[in-house]
Structures are given as C-alpha cells and as structure tokens.
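Residue-level structural notes
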Amino acid sequence: MIEIFDPTDDRAVRNKNNLIAFYNEAINEKNPVEAANKLVAEGYIQHNPQLPDGAAGLGAAFAALTAQRKHARVVIHRIIASGDWVWAHVNFVNLYTDDPADLGVAGVDIWKMDADGIALEHWDVLQPVAAEVSPVNGHGMF
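Cut-offs applied
Residues numbered from 1 in each chain as written. Predicted model: local features only at pLDDT ≥ 70, side-chain atom pairs only at ≥ 80, totals over all residues. Heavy atoms only, no water. Salt bridge = Lys/Arg side-chain N within 4 Å of Asp/Glu carboxyl O. Helix = DSSP H or I, 4+ residues; strand = E, 2+ residues; numbered from the N terminus. 1 Å grid on protein atoms, 1.4 Å probe; cavity = no way out; pocket = protein on both sides within 12 Å on 5 of 7 lines; lining within 4 Å. Points joined across faces, edges and corners; volume = space filled by probe spheres on them. Nonpolar A, V, L, I, M, F, W, Y, C, P; charged D, E, K, R; others polar.

In the nomenclature of an unreviewed UniProt entry, the protein chain corresponds to Nuclear transport factor 2 family protein from the organism Microbacterium koreense.

The structure is reproduced here in structure tokens:
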C-alpha cells in the first residue's frame, strides 16, 4: 500500500489510520456494525445512491453484504490524507459475487472526517477490474 500524508499533520495521520482500521474491520474482518459504530458519525452523509446515510445504515448495509459474500475483502492500494480529508484507491473483491476468481471492483473513496476522526461524509467512483492490462495503453488498474 502506498501512503501519502504529512507525518506532522496529526489529523491526517489519525484519519488515515482510522479509515484503514474501518476498511479492515468492516469488510476484511466482517465486523461492519462494530466498525461503523466506532468510526462513522450517526449523521453521516452517503453520496453513493446505493448505500444509506448514518452509521447504523452503513453498518447494516455492509453486514448484509459480508453475510452474503464470505470471500468479500478490500485491498487498499493507495491512501492519501490531508487534514480532514482521506482518499483511498481500493479493490473491493467479491462485492457483487462470491466467486473466488472475482477480480473485484476498483474504487476511489473520498472521505470527510470530523475533528475527532469520525467519518462525516463519503463519495466514491467504482468500476469493474479488467482481466488484463489495457490493450490501448498497456497499463493495469492498480
């Protein structure tokens, strides 16, 4: 994982660490309700139209997903933090299927955090991971 942040920016360091912990606990460790209760504000605003607002709503949505997808996991490839903002370039594996051969969904998550390091707001952009490098430019997705 590539981490980009100013180590003297205490808020950025804390927020980056909190979101890494959230991804790991909520998805990889399959404890989304507990993770959301610790790291997501009750008044959390979700800009992905397929997910609910609020800590309880996000926790419940990920609980349903991880219950249906035993192989679900997230791989963080890059994380960038500055003050109250964190951007993460991730691969959500088995988000839509539980097929062990699933390549995943590439995502960029944008998080706004509060003064205590709790997630207030979230935006994302998602696209299926391609099976091969691009025939147009020769690059992979990560």
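Focus on the pattern of salt bridges
Under the criterion given, the structure shown has 3 salt bridges. Between Glu3 and Lys16 there is a salt bridge whose closest N-O contact spans 2.8 Å. One end of the pair, Glu3, is in strand 1 (residues 2-4); the other, Lys16, is in helix 1 (residues 10-28), and 13 residues separate them in sequence. Where Asp84 meets Arg11, a salt bridge forms, and the shortest distance between an N and an O atom there is 2.8 Å. Pair noted here: Asp84 is in the loop between strand 3 (73-82) and strand 4 (85-93) and Arg11 is in helix 1, with a separation of 73 residues, a long-range link.

A look at empty space enclosed by the protein
By the definition in use, this model includes 1 cavity of 30 Å³ or more. Looking at the largest cavity, its volume works out to about 40 Å³. Listing elements by their share of the lining of the largest cavity, those giving two or more residues are helix 3 (55-68) and strand 4. Classifying every residue of the lining of the largest cavity by side-chain character gives 7 nonpolar, 1 polar and 1 charged.

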